Amino acid sequence: MEIAYKYILLLMFIPIVSCVPRNEADIFISQVYVEDFQTENMNDCKPSDVDLNNDEAEQFFLRSKKVEYKIIHDHYNVAPCYIEGILKVKNKACDWKIQASAVGSIACGGELDYYVCDSCDDLFD
Amino acid sequence: MSKINKGSTIDKDGMLIDAKVKLKRYKTIEHGKLPSVEAILVHQTDAPTAQHTFNAYNAGGNGAHFLIAKNGDIYQTASLSKRCYHVGRLIKSKCLTLNKANCKSPAMTKILAMRWGGMIKALDTHERTKTYPNRYPVNSDSVGIELVGKHIDDKTYEKVTAKQNSSLQWLVTELNKHFSVGASDIYRHPAVSYKNPGEASSAKWK
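Residues numbered from 1 in each chain as written. Chains lettered and ligands numbered in written order. Predicted model: local features only at pLDDT ≥ 70, side-chain atom pairs only at ≥ 80, totals over all residues.

Caption draft 1: Quick peek at the overall build of chain B. Helices and strands together make up the secondary structure of chain B, namely six helices and eleven strands. In summary, chain B has a C-alpha radius of gyration of 17 Å against a globular reference of 17 Å for 206 residues, a match within 12%. Looking at the 206 residues of chain B, the share that counts as buried comes to 40%. Put simply, of all contacts in chain B between residues at least 6 apart along the chain, 74% involve residues at least 24 apart. (Helix = DSSP H or I, 4+ residues; strand = E, 2+ residues; numbered from the N terminus. Rg over C-alpha atoms; globule rule 2.2 N^0.38 Å. Buried ≥ 20, exposed ≤ 12 C-beta atoms within 10 Å, placed from the backbone. Contact = placed C-beta atoms within 7 Å.)

Structure below.
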């Protein structure tokens, strides 16, 4: 009886788990467009160092996790160049940046969220 | 134990003994022995108060040997004979930064042709074959000093207070006496690894 009860619980749990998105960006992000490239020094960090197209930029945020800036401060590299563009979050127009170090941010209506991607090496190759 | 005339001492546990230093050691941020002290790195915490950093240190992980609060209070948070994770995994190339002309070699040419992500890893590997001071300091030959202060944006941190700078100057002077670390051996964190360029930019120690 106990085994049957656990089995029912497991069956109930599987669909819930399978529907959980990787992060909240999965649900909300759309219309991601790359618009520009910025660098502090073209010799150190070039357009080819962060050469993502629209789909790849969207992929970056889908694969990323949202973090507090303190996590970036402690554990991630900051690159001197980035691409930037626009996207929609819940149908609201926002600005985004993706650095050559696979650190990103989305700025929406005065709020700034940071993202890091540990599985995006292919996007920067 | 070393002793400096009319100044601070370092006890057998690697703690700096002086009335100006509050001992608040967190073994949770110590990671093995610190074989030598060749350099000092100046950081900012990205936290609003010292207590925020103490709370984080309680949980363990990254940290530095000293913390200077906004009111100038100096805390020693790790032993000077223990290593802390404060530099970052990848160090920059010192010769590329300071003397690019003297940095040329076939290996360096190959590295610089790489994309940024691969380049910074290859540079780190290349640099770690050198000894200090021919490369930037790493965790195993440097002491870290944290100044309480939040980041503001991608290029800026809170300004370091006058009291923090005064305490930093005193602390650096004392550490210089104990470890013979010269003015050229003191670095802001972003000079050494790939960090927000605003971190510790308003810190002054001379």
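Caption draft 2: How the structure looks around the interface of chain B and chain A. Contact with chain B, which involves eleven residues of that partner, is made by 13 residues of chain A. In terms of residue count, the dominant contributor to the side of chain B that touches chain A is helix α4 (residues 116-127) of chain B (three residues). For the side of chain B that touches chain A, a count of residues per class yields four nonpolar, four polar and three charged. (Nonpolar A, V, L, I, M, F, W, Y, C, P; charged D, E, K, R; others polar.)

Caption draft 3: Focus on helix α5 (residues 162-179) of chain B. Residue and element names in this part refer to chain B. Over its 18 residues, α5 runs 25 Å from end to end, which matches the ideal 26 Å to within 8%, given 1.5 Å per residue. Within α5, burial applies to Q164, S167, L168, L171, V172, E174 and L175. Looking straight down α5, one finds its buried side chains confined to an arc of 165°; they lie on one side. Those residues of α5 hidden inside the fold are in contact with β3 (16-17), β5 (39-44), β6 (66-68), β7 (74-76), β8 (142-147) and β11 (186-188). (Expected span 1.5 Å × (residues − 1). Arc of directions from axis to C-beta.)

Caption draft 4: Representation of the pairing of strand β5 (residues 103-108) of chain A. Residues and elements named next belong to chain A. Where strand β4 (residues 92-99) lies against β5, four bridges are found, and the strand directions are antiparallel. What sits directly across from K97, in β5, is S105. Between the end of β4 and the start of β5, which pair antiparallel, lie three residues, with A102 showing a positive phi angle near 65°. Where β5 meets strand β6 (residues 111-116), six bridges bridge the pair, whose relative direction is antiparallel. The partner of G104 across the bridge, within β6, is Y115. (Pairing = 2+ DSSP bridges.)

Caption draft 5: Geometry of the sheet that holds strand β4 (residues 21-23) of chain B. Residue and element names in this part refer to chain B. Reading across the sheet, the six strands line up as β4-β7-β6-β8-β5-β11 and stay open at both edges, with mixed pairing between neighbours. What marks the edges here is a single partner per strand, and that holds for β4 and β11. Adjacent strand axes in the sheet meet at a mean angle of 25°, parallel and antiparallel pairs treated alike. As paired strands, β6 and β8 are joined by three bridges and run parallel to one another. Opposite L67, over in β8, you have E146 as the bridge partner. Against the sheet, α5 touches β5, β6, β7, β8 and β11, its axis set at about 165° to β8. (Axes fitted to C-alpha atoms, helices over the stretch in contact; angles between N-to-C directions.)

Caption draft 6: Representation of the sheet that holds strand β1 (residues 29-39) of chain A within the structure. Residue and element names in this part refer to chain A. The strand order across the open sheet built from six strands is β1-β3-β4-β5-β6-β2, with neighbouring strands paired in antiparallel fashion. One side of each edge strand has no neighbouring strand; the edge strands of this open sheet are β1 and β2 (65-67). Sheet twist, expressed as the mean angle between neighbouring strand axes with direction ignored, is 30°. Relative to β4, strand β3 (residues 81-89) is paired through eight bridges, and the arrangement is antiparallel. Each bridged residue has a counterpart across the sheet, and for E84 the counterpart in β4 is K97. Running at roughly 105° to β1, helix α3 (residues 54-63) makes contact with β1, β3, β4, β5 and β6 of the sheet.

Caption draft 7: Quick look at the environment of L168(B). Residue and element names in this part refer to chain B. Note on placement: L168 falls in helix α5. By the C-beta count within 10 Å, which is 25 here, L168 ends up buried. Distance in space between the C-alpha atoms of L168 and R128 is 28 Å, their sequence separation being 40 residues. Those residues within four positions of L168 in sequence are excluded, and the remaining contacts are V42, I68, I145, L147, A203 and W205.

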